[in-house]
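Working through the structure, step by step
Listed below, chain by chain, are the residues.
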Amino acid sequence: TLFARSRAELAEAGLADGLVSAITSKQTFAEAEDIVRRMEREGVCGVASTDEEFPTLLRECDDYPHVLYYKGNIAPLSGRTLAVVGTRTMTPYGGRMTNRLIADLAQMVPDISVVSGLAFGVDGEAHLAALSAGLHTVAVLPSPVTSVTPRTHQKLAESILSSGGALVSEYRSGVVSRGTFYIPRNRIIAGVAQGTLVVESPAKGGSLYTAEMAYGYNRAVMALPGRVG
């Protein structure tokens with residue numbers, strides 16, 4: 001491993017003197033130990049990209065996170081997965097069709113898991129529809145898993161956990177969520193899923209970033225047409 005290398009080996013590899021000193025002195029170990037202790041206190045688990053439990057599909061993406069922090073059960077992310085995303089300002093039609101599509105899908109593919117971002121609108125509706133249909137569902141957060149975003153979805157997050165799903169994030173406890181975290185979060189939603197379904201979205205919505213990322217990962221991308229009835 002990197003920390004087992006000598007100063008001469010690290011210097012020969014072209015690393016800067018300051019970085020070589022930091023590695024050989026192991027000054028980052030204390031910080032890492034503090035993070036692990038905090039995770040244990042808060043009931044948070046972590047999985048590295050080199051671990052067997054790391055979602056297989058996500059590891060195929062060039063920009064995969066090196067560590068995922070989670071609460072609950074991430075095993076569903078290594079099975080059949082569908083990302084369902086869309087606008088926060090969901091219409092009644094969008095809500096009805098989200099429920100109908102997921103309910104019908106549960107009948108045809110009972111072992112599938114639904115992945116979304118726990119946001120208002122389509123995301124929240126997708127999680128609720130999955131729970132109602134008896135499916136596992138996983139929420140990927142733009143914040144640490146100890147700080148559910150939005151806060152009003154705390155009960156929904158608890159239902160996801162109690163049903164055998166998970167809350168997942170690339171951000172460790174103590175990191176303050178920022179608006180710039182949402183687009184990087186979307187790449188994880190797209191990366192863990194075999195396909196991405198966009199229910200409703202404005203022309204420049206965040207869900208279209210997710211769809212574009214899914215397309216870039218060579219995954220199936222689908223959209224709900226208007227007024228299918």
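Relevant structure appears above.
As a starting point, this report considers the structure included with it. Because the structure is predicted, anything quoted here is derived from the model rather than measured.

**Notes on the layout of surface pockets**
The calculated volume of the largest pocket comes to roughly 220 Å³. Forming the walls of the largest pocket are 17 residues, and the residues nearest its centre are Gly-86, Arg-88, Asn-186, Gly-206 and Ser-207. Taken together, the elements giving at least two residues each to the lining of the largest pocket come down to helix 8 (182-192) and helix 9 (206-216). Looking at which element gives the most residues to the lining of the largest pocket, the answer is helix 8, with five residues. Residues belonging to the lining of the largest pocket are distributed by class as follows: six nonpolar, eight polar and three charged.

**Details of unusual backbone geometry**
Working note: non-glycine residues mostly have negative phi, and peptide bonds are mostly trans. Here the residue pair Thr-149 and Pro-150 is connected by a cis peptide bond, since its omega of -5 degrees sits within 30 degrees of zero. Inspection of the secondary structure puts Pro-150 in the loop between strand 5 (136-140) and helix 7 (154-162). Phi angles above zero are rare outside glycine, and Leu-118 is one such case at about 65 degrees. Within the secondary structure layout, Leu-118 lies in the loop between strand 4 (113-116) and helix 6 (122-132).

**Here we look at the packing of helix 5 (residues 92-108) against helix 6**
Two quantities define a packed helix pair, namely the angle between the axes and the distance from one axis to the other. For the pair helix 5 and helix 6, interaxial distance at closest approach is 9 Å and the crossing angle is 35 degrees. Here helix 5 runs over helix 6; the crossing is right-handed. Here Gly-95, Thr-98, Asn-99 and Ile-102 of helix 5 lie close against helix 6, whose contacting residues are Val-122, Glu-125, Ala-126, Ala-129 and Ala-130. Its residues assigned to classes, the contact of helix 5 with helix 6 comprises five nonpolar, three polar and one charged.

**So, the packing of helix 8 against helix 9**
At their nearest, the axes of helix 8 and helix 9 sit 8 Å apart, and the two run at 50 degrees to each other. In this view, helix 8 runs oblique relative to helix 9, as classed from their interaxial angle. Considering only the axes of helix 8 and helix 9, their crossing is right-handed. Across from Ile-183, Asn-186, Arg-187, Ile-189 and Ala-190 in helix 8, the residues of helix 9 making contact are Gly-206, Tyr-209, Thr-210, Met-213 and Ala-214. Here the contact of helix 8 with helix 9 is composed, by residue class, of six nonpolar, three polar and one charged.

**Focus on the pattern of salt bridges**
One pass over the structure, following the stated rule, counts five salt bridges. Put simply, Arg-80 and Asp-111 hold a salt bridge, and the shortest N to O gap is 4.0 Å. Pair noted here: Arg-80 is in the loop between strand 2 (67-72) and strand 3 (81-85) and Asp-111 is in the loop between helix 5 and strand 4, with a separation of 31 residues, a long-range link. In this structure, a network of salt bridges that share partners links the residues Asp-63, Glu-170 and Arg-187.

Criteria and thresholds
- Residues numbered from 1 in each chain as written.
- Predicted model: local features only at pLDDT ≥ 70, side-chain atom pairs only at ≥ 80, totals over all residues.
- Heavy atoms only, no water.
- 1 Å grid on protein atoms, 1.4 Å probe; cavity = no way out; pocket = protein on both sides within 12 Å on 5 of 7 lines; lining within 4 Å.
- Points joined across faces, edges and corners; volume = space filled by probe spheres on them.
- Helix = DSSP H or I, 4+ residues; strand = E, 2+ residues; numbered from the N terminus.
- Nonpolar A, V, L, I, M, F, W, Y, C, P; charged D, E, K, R; others polar.
- Axes fitted to C-alpha atoms, helices over the stretch in contact; angles between N-to-C directions.
- Left-handed = near helix turned anticlockwise from the far one by under 90°.
- Contact = heavy atoms within 4.5 Å.
- Parallel < 35°, antiparallel > 145°, perpendicular 65-115°, else oblique.
- Salt bridge = Lys/Arg side-chain N within 4 Å of Asp/Glu carboxyl O.

Nothing here speaks to function; it is all geometry.
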